[in-house]
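Secondary and tertiary structure notes
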Amino acid sequence: MILTVTMNPAYDVTYRLNSFEHGVVQRVSVVEQRAGGKGINVCRVLNSLGIHSVATGFADLDFADEAEREMPVDFVHALPWIRRTLVISEADGTTTGLWEPGAALRGSAPVERLKTRIAALLPRASGVVISGSRPPGAGPDLPAELARAAVAAGLPVICDVDGDALPVAARVPGVIIMPNADELRALTGASPRTPADVVAAVRPLLAGGAGAVIATRGADGMVAVTAAGAWSACLPEPVVGNPTGAGDAAAAAVISGLAGVSKTPAAISNWPAVLADAVATSAAAVAMPLAGEIDHALRTRLARLVRVEPVRASQTRESP
């Protein structure tokens, strides 16, 4: 069982329009809503691949009931209401996102309940993914604390978080982080242009504790860096579509490839295959209109096209 943790879930709402015009009243042709949040999307992708996954985190009763119609869940019911993430999707593929901040936790009891809940679930888990933002009232150390407990249990752990929680999580010994370009810049002060630049930029993160860094680079693919080696992976041509949820699909692919592996990230020998699957799965998510879904046939076709190459670091690191 793979455990996913979503502390700030959302109702994902998608508006479909022929074209979006600023400052003009417009009719929405199609409205879609589903239970979402980054860890929820990871869980949804995993279960669609036939990999048993359970979603936990914070929620309210209504959200937990809706999510349970799609996947196994074990939430701490501590949020007074659930935020919405609104995506405006235009016919030409352009997307605009509006993210609400989320309701605040009341007191410290919900955090302690979540720690207890996860501690009870870890003995049954083969891997853990901690994803997304935190609700007000959950401190920046919480994702790192949860990751540290999972690593101590001998599990591969992805901490795909943002904001001030990311640098704290990156210092957990053995954790895997998956920063995008903006997050990598915030972590390292660099804007790497090439895979070799990425390797050079993330070396301090590995020295600081991270077991592996997987830099997601949009149409340019991904770069995985461990103490034992680094690899880049990309498709010959990028897939055009809705990028929302592509990173979650990538996280699902990575944790499925590492689940049950008790080795440290540097000792894992199949990183090239894991990275290739992550690129193919992420692209298969871009082709779908809703986050948390992948085109399975496309994923199979793309997996044969992904180019994976070893990477050496640049001799000089790019200046901030």
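Refer to the preceding data block for the structure.
Residues numbered from 1 in each chain as written. Predicted model: local features only at pLDDT ≥ 70, side-chain atom pairs only at ≥ 80, totals over all residues. Heavy atoms only, no water.

1. Concerning the pattern of salt bridges
The full count for this structure, using the stated rule, is 13 salt bridges. In this structure, R84 engages E100 in a salt bridge whose closest nitrogen and oxygen atoms are separated by 2.8 Å. Of the two residues, R84 is situated in strand β6 (residues 83–90) and E100 in the loop between β7 (95–99) and α3 (109–121); the sequence distance between them amounts to 16 residues. A relative accessible area of 26% places E100 in the partly exposed class. Here D277 and R299 are joined by a salt bridge, their closest N and O atoms 2.9 Å apart. (Salt bridge = Lys/Arg side-chain N within 4 Å of Asp/Glu carboxyl O. Helix = DSSP H or I, 4+ residues; strand = E, 2+ residues; numbered from the N terminus. Buried < 20%, exposed > 50% of the residue type's maximum accessible area, 1.4 Å probe, protein only.)

2. Quick word on the sheet that holds strand β5 (residues 76–77)
Taken together, the ten strands give an open sheet; going across it, the order is β5-β4-β1-β8-β9-β10-β11-β12-β13-β14, and neighbouring strands pair in mixed fashion. The open sheet is flanked by β5 and β14 (307–310), the only strands paired with a single partner. Across the face of the sheet, helix α1 (residues 38–48) comes into contact with β1 (2–6), β4 (53–59), β8 (127–132) and β9 (157–161) while running at roughly 155 degrees to β1. The strands touched by helix α7 (residues 195–207) within the sheet are β10 (176–177), β11 (212–216), β12 (222–226) and β13 (230–234), with β12 carrying the most contacts at an inclination of about 40 degrees. (Pairing = 2+ DSSP bridges. Contact = heavy atoms within 4.5 Å. Axes fitted to C-alpha atoms, helices over the stretch in contact; angles between N-to-C directions.)

3. A few points about the sheet that holds strand β3 (residues 30–36)
Taken together, four strands build an open sheet; the order of strands is β3-β2-β6-β7 and the sheet is mixed. Looking at which strands have only one partner, the edges of the open sheet turn out to be β3 and β7. Here the average twist between neighbouring strands, direction ignored, is 15 degrees. One ladder, built from eight bridges, connects strand β2 (residues 10–17) with β6; its direction is parallel. By the bridge assignment for β6, R16 is matched with S89. Where α1 meets the sheet, it contacts β2 and β3, and its direction lies at approximately 90 degrees from that of β3.

4. Focus: the environment of A215
Structurally, A215 can be placed in strand β11. Take A215: its relative accessible area is 2%, and that puts it in the buried class. Taking C-alpha positions, A215 is 24 Å from T85, a pair spaced 130 residues apart along the chain.

5. Focus on the nonpolar core
The biggest cluster of nonpolar side chains holds 66 residues, and the ones touching the most others in it are L3, F58, F63, F75, V128 and I130. In terms of residue count, α7 provides more of this core than any other element does, seven residues in total. When sequence neighbours within four positions are dropped, the list of residues in contact with V128 reads L3, V5, L122, A150, L155, P156, V157, I158 and I255. Grouped together as the second largest cluster of nonpolar side chains are 38 residues, I255, V274, A278 and A280 included. (Core = buried A, V, L, I, M, F, W, Y, C linked by side-chain atoms within 4.5 Å.)

6. Considerations on the side chain of D248
Positionally, D248 belongs in helix α8 (residues 246–258). Residue D248 is classed as buried on the basis of its relative accessible area, which comes to 4%. For D248, the residues in contact, after removing those within four places along its chain, are K38, N41, V42 and D160.

7. With respect to the packing of α3 against helix α4 (residues 142–152)
It is at 11 Å that the axes of α3 and α4 come closest, and there the two elements cross at 20 degrees. Taken together, the axes of α3 and α4 are roughly parallel relative to one another. Both α3 and α4 take part in a crossing whose hand is right-handed. Residue-level contacts link V111, L114, K115 and I118 of α3 to L142, E145 and L146 of α4. Tallied by class, the residues present in the contact of α3 with α4 amount to five nonpolar, no polar and two charged. (Parallel < 35°, antiparallel > 145°, perpendicular 65-115°, else oblique. Left-handed = near helix turned anticlockwise from the far one by under 90°. Nonpolar A, V, L, I, M, F, W, Y, C, P; charged D, E, K, R; others polar.)

8. Some remarks on the side chain of E90
By secondary structure assignment, the location of E90 is in strand β6. Buried charge without a salt bridge: E90, with R16 as the nearest opposite-charge side chain at an N-O distance of 11 Å. Non-local contacts of E90, meaning those with residues more than four positions away in its chain, are made with L17, N18, S19 and F20. (Lys, Arg positive; Asp, Glu negative; His and termini not counted.)

9. Topic: the pairing of β1
Where a strand is regular, its side chains alternate between the two sheet faces. With five of five residues buried, β1 is to be regarded as a mostly interior element. Along β1, one buried face is formed by I2, T4 and T6 and the opposite face, lined by L3 and V5, is buried too. Here five bridges tie β1 to β4, and the two strands are oriented parallel to one another. Across the sheet, residue T4 finds its bridge partner in β4, namely A55. Two elements, β1 and β8, share five bridges in a ladder whose sense is parallel. Within β8, the position partnered with T4 by the bridge is V129.

Read these as geometric descriptors, not functional statements.
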